[in-house]
Amino acid sequence: MPPVDRSNPVRANSSESSYSLMEFMREFPDDAACLEWLWHNRCSEDGEHAFCPKCDRERKFHKVRERPAWDCDSCGYHMHPLAGTIFHKSSTSLHLWFYAIHLMTSTRCGVAAKQLERELGVTYKTAWRMFNLIRNKLMTQDDEPLWGSVEVDEASVDGKPRKHMDRASAARYRERSRATVLAAVERGGRVKATVVPSRRGPHMKQQVIEWVKPESIVYTDEWPAYNTLYTHFDHSRVRHASGEYVIGDAHTNTIEGFFGNLKTGVRGNYKKVSHRWLQGYLNEFTFRYNHRSDERAMFQTLLLRAAE
Ligand SMILES: [Zn+2]
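Calculation criteria
The numbering scheme is per chain: residues are counted from 1 as the chain's sequence reads. Local features in this predicted model are restricted to residues of pLDDT 70 or higher, and side-chain atom pairs are both shown and tallied only at a pLDDT of 80 or more, whereas totals for entire chains, interfaces and linings draw on every residue. Hydrogens and waters are ignored; side-chain quantities use all the structure's heavy atoms. Think of it this way: any DSSP run of H or I at least four residues long counts as a helix, any run of E at least two long counts as a strand, and we number them from the N terminus. Relative accessibility under 20% of the residue-type maximum defines a buried residue, over 50% an exposed one, and the middle range a partly exposed one, all with a 1.4 Å probe and only protein chains included. Contacts are assigned to residue pairs with any non-hydrogen atoms lying within 4.5 Å of each other. Residue exposure ignores everything except the shown protein chains as possible cover, and the areas themselves are Shrake-Rupley values with a 1.4 Å probe. Positive: Lys, Arg. Negative: Asp, Glu. His and the chain ends are not part of the count. Note on charges: their place is set at NZ of Lys, CZ of Arg, CG of Asp or CD of Glu. Take the buried residues of types Ala, Val, Leu, Ile, Met, Phe, Trp, Tyr and Cys, join any two whose side-chain atoms come within 4.5 Å, and each joined set is a nonpolar core. Between any two strands, pairing holds if DSSP finds at least two bridges. To get an axis, fit a line to the C-alpha atoms, keeping to the stretch in contact for a helix; angles then go from 0 to 180 degrees between the N-to-C directions. Each metal's donors are the N, O and S atoms found within 2.8 Å of it, except that Na, K and Ca use a 3.2 Å limit; water is left out, so coordination can look incomplete. In this scheme the shape depends on donor count and angles: four donors with every angle between 85 and 135 degrees give tetrahedral, four or six donors with opposite pairs above 155 degrees and others between 65 and 115 give square planar or octahedral in turn, and any other case is irregular. Think of a salt bridge as a Lys or Arg side-chain nitrogen and an Asp or Glu carboxyl oxygen that are within 4 Å of each other. By definition, pLDDT measures how confident the predictor is in each residue, and it falls between 0 and 100.

1. What to know about the overall build of the protein chain
Along the protein chain, the regular secondary structure elements total 10 helices and nine strands. For the protein chain, the C-alpha atoms occupy an extent of roughly 75 × 50 × 50 Å along the three principal directions. Among the 308 residues that make up the protein chain, the fraction classed as buried is 45%. Taking as baseline every contact in the protein chain between residues at least 6 positions apart, the subset at least 24 positions apart corresponds to 59%. Of the accessible surface of the protein chain, which amounts to about 16,600 Å², a share of 50% is contributed by carbon and sulfur atoms. Mean positive and mean negative side-chain charge positions of the protein chain (45 and 39 charges, respectively) differ by 8 Å.

Printed below as a string of structure tokens:
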């Protein structure tokens with residue numbers, strides 16, 4: 001066996017991770033490296049030249065000392081790679097932002113703001129705000145419709161009562177925080193999920209029509225809200241109440257797998273009674289599911305969205 005190169009750790013073949021913390025730290029060792037990345041991806045392809053709006057042409061730029069800006073060599077125009085990003089005017093360092101993004105892409109079930117607070121050494125409020133911006137600005141769901149074999153299902157999600165609550169207030173808390181989530185998944189493909197105002201037919205049907213192309217086959221269970229889906233889709237159902245789970249192609253196992261993962265994560269992390277926060281979690285879980293095959297690409301996609 002060759003000697004271990006301790007300064008160059010190698011990922012085990014069996015590891016599920018495709019972009020480890022070590023690799024992240026090598027690529028982004030400090031704040032300057034993160035800033036440089038944004039400069040390259042937002043302003044200057046070669047890291048030296050950029051289009052100067054004042055000169056109205058391509059110019060050579062140099063880094064301004066002690067400031068997150070580059071200067072036009074000819075006219076002195078300042079270019080700020082952070083402008084218009086979620087990092088702009090944040091007092092949290094860019095390196096911590098990048099690390100938070102890496103952390104969110106490297107777990108299966110999400111990260112609690114409490115853990116981010118500890119790992120980054122920031123306040124809980126800051127950690128919470130960072131997560132929300134990442135979920136609601138970078139992990140947003142696209143409008144690209146699903147098609148083919150699509151499974152649709154709904155689930156109730158409850159907030160997690162706080163430790164000090166007695167049984168009655170915990171029950172009330174659960175009741176108040178309960179929300180209905182509707183989700184649809186393409187078999188072997190992407191997922192979409194949203195909070196719906198009720199479990200009744202019209203809302204759910206309208207959402208499915210928005211999400212799924214008409215030539216698709218839609219699989220659901222026997223819930224009455226799905227009764228009239230056949231008017232728009234080839235609709236196939238399983239009757240869970242009669243013990244039917246898989247009949248040929250008809251099953252909802254894929255979407256139930258997604259919900260299982262979502263519920264585990266949300267139970268641990270979802271602590272505020274507000275459906276607004278819940279939508280952020282749904283963005284996070286759908287984003288991770290939709291990029292599940294490649295963590296490195298997942299991380300890069302988020303950075304590129306931040307740079308848009
Ligand atoms: Zn210039």
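2. Description of the nonpolar core
The biggest cluster of nonpolar side chains holds 66 residues, and the ones touching the most others in it are Phe 28, Phe 87, Phe 98 and Ile 134. The dominant element in this core, judged by the number of residues it contributes, is helix H3 (residues 94-105), at eight residues.

3. Considerations on the sheet that holds strand S6 (residues 179-186)
Across the sheet, five strands lie side by side as S7-S6-S5-S8-S9; this open sheet has mixed pairing. Where the open sheet ends on each side, the last strands, each with one partner, are strand S7 (191-196) and strand S9 (234-237). Within the sheet, the average angular offset between the axes of one strand and its neighbour, ignoring direction, is 25 degrees. Here strand S5 (residues 149-157) pairs with S6 via eight bridges, running antiparallel.

4. Description of the coordination of the zinc ion
The protein atoms that coordinate the zinc ion are Cys 52 (SG), Cys 55 (SG), Cys 72 (SG) and Cys 75 (SG), at distances spanning 2.2 to 2.3 Å. Here the zinc ion binds four donor atoms, and the angle range of 105 to 115 degrees at the metal identifies the geometry as tetrahedral. In primary-sequence terms, the residues that donate to the zinc ion follow C-x2-C-x16-C-x2-C. Remark: Cys 72 occurs in strand S3 (residues 70-72) and Cys 55 occurs in the loop between strand S1 (49-52) and strand S2 (57-63); sequence separation between them is 17 residues. One exposure class covers both Cys 55 and Cys 72, and it is buried.

5. Overview of the pairing of S6
Of all eight residues in S6, eight are buried, a share of seventy percent or more. Neither face of S6 is left uncovered, since the one carrying Ala 179, Val 181, Ala 183 and Val 185 and the one carrying Thr 180, Leu 182, Ala 184 and Glu 186 both have all their residues buried. Note that S6 and S7 share six bridges and pair antiparallel. Across the sheet, Val 181 pairs through a bridge with Val 195, a residue of S7. With antiparallel pairing between neighbouring strands as the criterion, S6 and S7 make up a hairpin whose turn holds four residues, including Gly 188 at a positive phi of roughly 75 degrees.

6. Comments concerning the pattern of salt bridges
Evaluation of the coordinates by the stated rule reveals eight salt bridges. We note a salt bridge from Glu 117 to Lys 114, for which the minimum N-O separation is 3.0 Å. In this pair, Glu 117 and Lys 114 both sit in helix H4 (residues 113-120), three residues apart, roughly one turn of the helix. A salt bridge links Glu 151 to Arg 187; the nearest nitrogen and oxygen atoms lie 2.6 Å apart. With Glu 151 in strand S5 and Arg 187 in the loop between S6 and S7, this residue pair connects regions lying 36 residues apart in the sequence. Accessibility expressed as a relative area gives 0% for Glu 151, which makes it buried. The class for Arg 187 is partly exposed, based on a relative accessible area of 27%. If you follow the salt bridges from partner to partner, you end up with Arg 135, Glu 284 and Arg 288 in one network.

7. Describing the confidence of the model for the protein chain
Taken over all residues, the pLDDT of the protein chain has a mean of 88, while the share at 70 or more is 93%. Here helix H6 (residues 167-177) stands out as the element of the protein chain with the lowest mean pLDDT, 82, in contrast to S3, whose mean of 97 is the highest.

8. Quick word on the sheet that holds strand S4 (residues 78-79)
Strand pairing in a sheet is mediated by backbone hydrogen bonds. Such pairs are either parallel or antiparallel. Spatial ordering of the open sheet is given by S1-S2-S3-S4, a layout of four strands whose pairing is antiparallel. Strands at the two margins of the open sheet, each flanked by one partner only, are S1 and S4. Pairing geometry for S3 and S4, over two bridges, is antiparallel. Residue pairing for S4: Trp 70 is matched across the bridge by Met 79.

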